[in-house]
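Summary of structural features
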Amino acid sequence: MMLPRTGIGIDIHAFAPLDSPAPLWLAGLHWEGERGLSGHSDGDAVAHAAADALFSAAGVGDLGTHFGTDRPEYQGASGVSLLAEAARIVRAAGFEIGNIAVQFVGNRPKFSPRRQEAETTLSAAAGAPVSVSATTSDGLGFPGRSEGITAIATALVVARDGQDTVNHQAAGRGNLEP
């Protein structure tokens, strides 16, 4: 019997400097009029945490392994495109994706009015159900001081065709140890 595998991903981004023109991309959506996040790509902490959870569940590295700052082609890349590529890598490694759940922690933006739009966008990118919930940290820590955003995700994957090992070479860069 093949058991599902779970993974955890976390992503943290500081808000860009006040004079930065960086737009805010979060959960695959552009948030007009909100201060953007710093990052190598678009800083979408929700999409990045979801991708990292997929990598963790499949045992194929992490966000830095596949999209790290040493990869100039990913500078400015959208979180949605990174999530879609993460899902492709996980499927190429022999897994089907059951679901992804993400918890966003921050004071802004006000998330609940756009929750359904975000879930639809992220689910389309992952090719699997993605749910997103949001909370504040009651004024504690850097999210509570409005210095940045944290996102924590879990993912569930199941090996295809009874496989119980990961084909690391098919999983992307091919530089992971078997």
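Report follows, based on the coordinates.

Rules and cut-offs
- Residues numbered from 1 in each chain as written.
- Predicted model: local features only at pLDDT ≥ 70, side-chain atom pairs only at ≥ 80, totals over all residues.
- Heavy atoms only, no water.
- Patch = residues over 30% accessible without salt bridge, like charges linked within 9 Å, V, L, I, M, F, W, Y side chains within 5 Å.
- Areas by Shrake-Rupley, 256 points an atom, 1.4 Å probe, with all protein chains shown as cover.
- Salt bridge = Lys/Arg side-chain N within 4 Å of Asp/Glu carboxyl O.
- Helix = DSSP H or I, 4+ residues; strand = E, 2+ residues; numbered from the N terminus.
- Buried < 20%, exposed > 50% of the residue type's maximum accessible area, 1.4 Å probe, protein only.
- Expected span 1.5 Å × (residues − 1).
- Arc of directions from axis to C-beta.
- Contact = heavy atoms within 4.5 Å.

**As for a nonpolar patch on the surface**
There is a patch of nonpolar side chains on the surface, built from Ile8, Ile10, Ile12 and Ile152 and spanning about 380 Å² of accessible area. Of the residues forming the nonpolar patch, the biggest block, three residues, is contributed by strand β1 (residues 5-14). Along the chain, Ile10 falls in strand β1. For Ile10, a relative accessible area of 47% gives the class partly exposed.

**Quick word on helix α3 (residues 79-92)**
Between the first and last C-alpha of α3 there are 20 Å, a value that for 14 residues agrees with the 20 Å anticipated at 1.5 Å per step. Listed in full, the buried residues belonging to α3 are Gly79, Leu82, Leu83, Ala86, Ala87, Ile89 and Val90. Projected down its long axis, α3 carries its buried residues within an arc of 160°, all on one side. In the core, the buried residues of α3 are packed alongside α1 (45-58), α2 (63-67), β4 (95-105), α4 (115-126) and β6 (148-159). Positive phi shows up at Gly94, right after α3, with a value of about 100°.

Bear in mind that shape data such as this cannot, by itself, settle questions of function.
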